[in-house]
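Chains, contacts and geometry: an overview
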Amino acid sequence: MNIVVIGLSHKTAPVEVREKLSIPEPQIESAIANLLGHANVDEVAILSTCNRLEIYLVSSEAEQGLREVTQFLSEHSKLPISSLRPHLFVLLHQDAVMHLMRVSAGLDSLVLGEGQILAQVKNTHKLGQQYQGIKTILNRLFKQAITAGKRVRTETSIGTGAVSISSAAVELAQMKLDSLNGCRVAILGAGKMSRLLVQHLVSKGATEISIINRSLGRAEKLAKQFAEYEIRIHLLADMMSVISESNLVFTSTSATEPILDRVKLEPVIKSDRSLMLIDISVPRNIHVNVNEIEKVQAFNVDDLKAVVAQNQESRRQIAQEAEGLLEDESMTFDIWLRSLETVSTISSLRNKIETIRKQELEKALSRLGSEFADKHQEVIEALTRGIVNKILHDPMVQLRAQQDVEARENCMQTLQTLFNLDSEKIFN
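None of the values given here were measured: they were computed from a predicted structure.

**Considering the overall build of the chain**
- When its secondary structure is counted, the chain shows 17 helices and 10 strands.
- Taken over C-alpha atoms, the radius of gyration comes to 29 Å for the chain, far larger than the 22 Å a tight globule of 428 residues would show.
- In terms of overall dimensions, the chain has a C-alpha envelope of 105 × 50 × 40 Å along the principal axes.
- Sequence-distant contacts, at least 24 apart, represent 73% of the contacts inside the chain between residues at least 6 apart.
- A total accessible area of about 21,100 Å² is found for the chain, and carbon and sulfur atoms account for 49% of it.

**A few points about helix α5 (residues 93-105)**
- Here α5 spans 19 Å end to end across 13 residues, near enough to the 18 Å set by a 1.5 Å rise per residue.
- Where α5 terminates, the next one or two residues include Gly106, which has phi positive at roughly 80°.

**Some details on the UniProt feature "binding site: NADP(+)" (unreviewed entry) in the chain**
- UniProt's entry tags Gly189, Ala190, Gly191, Lys192, Met193 and Ser194 with the feature "binding site: NADP(+)" (unreviewed entry), counted in the numbering of this structure.
- Inspection of the secondary structure puts Ala190 in the loop between β5 (184-188) and α9 (192-203).
- On the basis of relative accessibility, which here comes to 8%, the residue Ala190 falls in the buried class.
- Counting through the fold element by element, Lys192 comes out in helix α9.
- Taking the relative accessible area as the measure of exposure, Lys192 reaches 44% and is therefore partly exposed.

**Details of the packing of aromatic side chains**
- What the rule picks out here adds up to 2 aromatic pairs.
- Look at Phe333 and Trp336: their rings are 5.7 Å apart centre to centre, the planes differ by 35°, and that puts the pair in the tilted class. Of the two residues, Phe333 and Trp336 both sit in helix α14 (residues 316-339), 3 residues apart, roughly one turn of that helix. The pair formed by Phe333 and Trp336 is uniform in burial state, with each residue classed as buried.

**Observations concerning the nonpolar core**
- With 39 residues, the main nonpolar core has Ile209, Phe250 and Ile278 as its most contacted residues.
- Of the domains in this structure, domain 1 (2-162) and domain 2 (165-308) are the two that each give at least three residues to this core.
- Ignoring sequence-local partners within four residues, the contact set of Ile278 consists of Ala169, Leu172, Ala173, Leu248, Val249, Phe250, Thr251 and Phe299.
- Counting 38 residues, the second-largest nonpolar core is a separate cluster that includes Val58, Leu100, Val103 and Leu326.

**Overview of the pattern of salt bridges**
- For the structure shown, the criterion picks out 21 salt bridges.
- Salt-bridge contacts for Asp108 lead to Lys11; the nearest nitrogen and oxygen are separated by 2.8 Å. Taken together, the residues span a long stretch of sequence, with Asp108 in the loop between α5 and α6 (116-130) and Lys11 in the loop between β1 (2-9) and α1 (15-21) at a distance of 97 residues.
- With relative accessibility at 6%, the residue Asp108 sits in the buried group.
- Ionic pairing is found between Lys363 and Glu360, a salt bridge with its closest N-O pair at 3.4 Å. Placement of the pair is Lys363 and Glu360 together in helix α15 (residues 343-368), with a separation of 3 residues, close to one helical turn.

Rules of the game
Residues numbered from 1 in each chain as written. Predicted model: local features only at pLDDT ≥ 70, side-chain atom pairs only at ≥ 80, totals over all residues. Heavy atoms only, no water. Helix = DSSP H or I, 4+ residues; strand = E, 2+ residues; numbered from the N terminus. Rg over C-alpha atoms; globule rule 2.2 N^0.38 Å. Contact = heavy atoms within 4.5 Å. Areas by Shrake-Rupley, 256 points an atom, 1.4 Å probe, with all protein chains shown as cover. Expected span 1.5 Å × (residues − 1). UniProt positions renumbered as here; feature names shortened; annotations may be inferred. Buried < 20%, exposed > 50% of the residue type's maximum accessible area, 1.4 Å probe, protein only. Phe/Tyr/Trp six-rings, centres within 6.5 Å; stacked < 30°, edge-to-face > 60°. Core = buried A, V, L, I, M, F, W, Y, C linked by side-chain atoms within 4.5 Å. Domains from an automatic or database assignment. Salt bridge = Lys/Arg side-chain N within 4 Å of Asp/Glu carboxyl O.

Right, dumping it as structure tokens:
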């Protein structure tokens, strides 16, 4: 079996490509079902965030599995494979394992050490299990990666002062506007990213903040978390009137199509006021054509890279320390994965010994007579099982414990020869 990851990220693809590949959570179930329907996909998990779309799979035929997943990505994004392929990366075996460890720890993020990705990896694991995409191997891999992400955050200071996408967006606004004090700010959306936006905005001196959301309940819940500030809440029906009175607008919704474009925005732009728009959603909430409007400046997640670069240089040395922890976790997973090679041999040996036990027990009981056998069969059965289990225990433990590949293969070959076992390896 092969562990493979195929996908794209902020490192390999611009936002206009990433948004076409994005798979919203409501579509994860059907996507997993689609992928499991292919002959060469045995396990699958989908990690989809604003900065990456990665598909992890277990396949007995890696090349064929990759072809099937690439075709799925092409059909999902409506991009021809020739246009998609330059943006895709593929990692196999140990490289795929180490990549997920780094992603979980925040070392592959646009914002080095950002904390949201660990929760997103956990959610990927949960959804993969819920929709039957994750089985034995990916289950262990994701658990190990989540452990790795937690270790990096508790045993290093990678997260100390680490900026998130939301804080980078607020810093970008501050760089462009000099000060947020007195600035009228509107936020479209009331999810976790919006909560972080409010948190960073008030820390930078913003006092006039409006939340615009599809439902009042979620917006009210967010506003209550910042009860000491006067945060106004509005429904989407009021969106354009609120924007017309704003200097700065952030968008962070799950909409799959732009909710702001030139046609909607141009009529509400006032001649005496400039407007800055910062879109941290993928797919994008703001159409690129708004930049054609005089007095409007629009930015998206890819424009945050300059801000992020200023903040993360000091954490690069800490990231190198974190790599050592990830190597440990990767090795732990590799030892477990390699131990699965012994399953077939152990199963064959147990089956053979159990067959012999049953045969000999049947002979013994027939010689003891039916009256004695009926009375004492359970005791004799337990006795023989106990003897077999104790005899097999140490050899099985020692076989699983062999970390050296050659030594483990020699042990398995010896067992197969001595006991005349018909056993095939699980892994090639």
